[in-house]
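Residue-level listing of the chains:
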Amino acid sequence: MTRATHRSAEEIGRTELGPRPLPPLGEPRTGRLPATADTVLSNGLRVIAARHGVVPMVELRLRIPFAGDDPKHPARAEVLAETLLTGTERRSRVQMDTDLAAVGGDLNAVVDPERLSVYGNALATGLDTLLDVLADALTGAAYLDEEITGERGRLVERIAVARSQPRVIAREELQRHRYGDHPFVREVPAAEDVAAVTAEEVRALHPEAVLPRGSVLVLVGDIDPEQTVATVERILGGWQSERSATALPSLPVVQGGDVKLVHRPGAVQSQLRLSAQALPRTDPQYPALQIANLTFGGYFSSRLVENIREDKGYTYGAHSSFEFTPGNGTLLVDADTASEVTAAALLETRYELARLALVPPTESEVESARQYAIGGLLTSTASQSGMASTLVALAVAGLAQEWLVEHPERLREVTVEQVAEAAKRLAPTAFTGVVVGDADVLADQLRLLGGVVLP
């Protein structure tokens, strides 16, 4: 009888001469643009339909510019999003859900300071029903008093909980620090403002703001693109208005400067949030900056993660990412740390930003980041859901679908010298931000560090 032997992962990974060498990374495959139809309907709605994948489903993404200057607009917008799909003049809430369920479908709505988004999916054979329910909501949402009352109460509870979360507090403080009283700052409305929203206000907001002109609808799946556009025209043609949806005003440029300490009494952790002006996706230098950012903190093999997570253990996670709005791009750096190492973590973050600008990424670092960026784009668009979300983001950014195949080529062409030049944008002096934590614990250390405005 032969006895099976088992080796540990460490034993498998080693030979008598030492660790087994890792195989080289393969060349990422070239992306292919799906068959696509892209047109603007007579009502001003832009429709992008793409055939993608073999799963007999269709993904839907609708983005409606939904900005507002009124300080109470965010509260009304939140209640509208919560109740948009709770019944119409033709369908009750139950009937809407029943009709969608019959075609394996689902629809949801969310809102932020920039847009109202409706997203969902259904069996490809149920596309007509999915669009009909959507059209019903867009043109005949009822906003019944009882639905407003119920959803408003639940929303108030969720906002109260959210506003107690450190990450929400940090995000709000960063937004205010970057943009002052710009409408983009009002991401989470005050619970008391939501509680004061009436059904009449929501019903009045819908025809003023839920508008087709300037909006984008993306449909991706096992569909015929041209036929799908015709179907959308037939079903959504009744969604009409001569006015355009309200776009978010341009954001001011993020200016580098001191970090602001925000006092959160009794906190045992601190939230570090830094930001700098970056570039929009349409800028020719964006590919080089994308690779520079990945090298700094944009993925797990970055310098920042290696320093403050792997080497020093200051945080479970540190990350640097882009945030895009139409015609604009900013960089965000975030990490949560224990109070006693907050100042040290901020010091090391500044050090890595300076090191990236002064000690350019090596050829190996650039190549690893390049492979990650190309692979990440291919992975994110492999599914119907990912492709739909990517296409709507590109449309909002003013980019054509060809970007999906052109951008990987631009990333392949970026040189180490171009990345080094782009990395200068990540100098510490370009950043500002906030530290949210217990000032009684943090103030003395941050005063010694400098570049921090204390409360």
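Summary of the structure given here. No experiment lies behind these values; they were computed from the predicted model shown. Every chain begins its residue count from 1, and numbering advances along the sequence as written. With the structure being a predicted model, the display of local features is reserved for residues of pLDDT at least 70 and the display and counting of side-chain atom pairs for 80 or more, all residues being used for whole-chain, interface and lining totals. As a rule here, side-chain values cover all heavy atoms of the structure and leave hydrogens and water aside.

### A short note on the pattern of salt bridges
Pairing of side chains with opposite charge becomes possible as their charged atoms draw close. What makes a salt bridge here is a side-chain nitrogen of Lys or Arg within 4 Å of a carboxyl oxygen of Asp or Glu, nothing more. Applying the stated criterion across every chain, the model contains 38 salt bridges. In this structure, Arg154 engages Glu151 in a salt bridge whose closest nitrogen and oxygen atoms are separated by 3.0 Å. Here Glu151 and Arg154 lie together in helix α5 (residues 145–162), a separation of three residues that amounts to about one turn. Burial classes: relative accessible area under 20% of the type maximum marks a residue as buried, over 50% as exposed, and values in between as partly exposed (1.4 Å probe, protein chains only). When its relative accessible area of 41% is taken as the criterion, Arg154 is described as partly exposed. When the shortest N-O distance is used, the salt bridge between Glu310 and Arg309 registers 2.2 Å. Relative accessible area serves as the criterion here: at 29%, Arg309 is assigned to the partly exposed category. Salt bridges here are not isolated pairs; linked through shared partners, they connect Arg90, Arg91, Asp99, Asp132 and Asp136. Helix and strand assignments come from DSSP, with helices taken as H or I runs of at least 4 residues and strands as E runs of at least 2, each series counted from the N terminus.

### Digging into the layout of surface pockets
Empty pockets left among the atoms are what a rolling probe the size of a water molecule brings to light. Cavities and pockets are found on a 1 Å grid laid over the protein atoms alone: a cavity is a set of points where a 1.4 Å probe fits but cannot escape, a pocket is an open set with protein on both sides within 12 Å along at least five of seven lines, and a lining residue has an atom within 4 Å of such a point. Grid points are joined across faces, edges and corners, and a volume is the space filled by probe spheres set on the points. A volume near 610 Å³ is recorded for the largest pocket. Around the largest pocket sit 23 residues that line it, and Arg281, Tyr286, Gln290, Phe322 and Phe324 are the ones nearest its centre. When residues of the lining of the largest pocket are traced back to their parent elements, those giving at least two are α10 (286–298), β11 (318–325), α13 (363–380), α14 (384–397) and α15 (403–413). Classes in brief: Ala, Val, Leu, Ile, Met, Phe, Trp, Tyr, Cys and Pro nonpolar; Asp, Glu, Lys and Arg charged; the others, Gly included, polar. Split by residue class, the lining of the largest pocket holds 11 nonpolar, 11 polar and one charged.

### Regarding empty space enclosed by the protein
Scanning the entire structure with this criterion turns up two cavities of 30 Å³ or more. Put simply, the largest cavity is a space of about 100 Å³. In this structure, the largest cavity is lined by 14 residues; those nearest its centre are His73, Pro74, Asp112, Pro113 and Arg186. Ranked by the residues each element gives to the lining of the largest cavity, the list is headed by helix α2 (residues 73–83), at four residues. For the lining of the largest cavity, the residue count by class is eight nonpolar, two polar and four charged.

Keep in mind that these numbers describe shape and distance, not what the molecule does.
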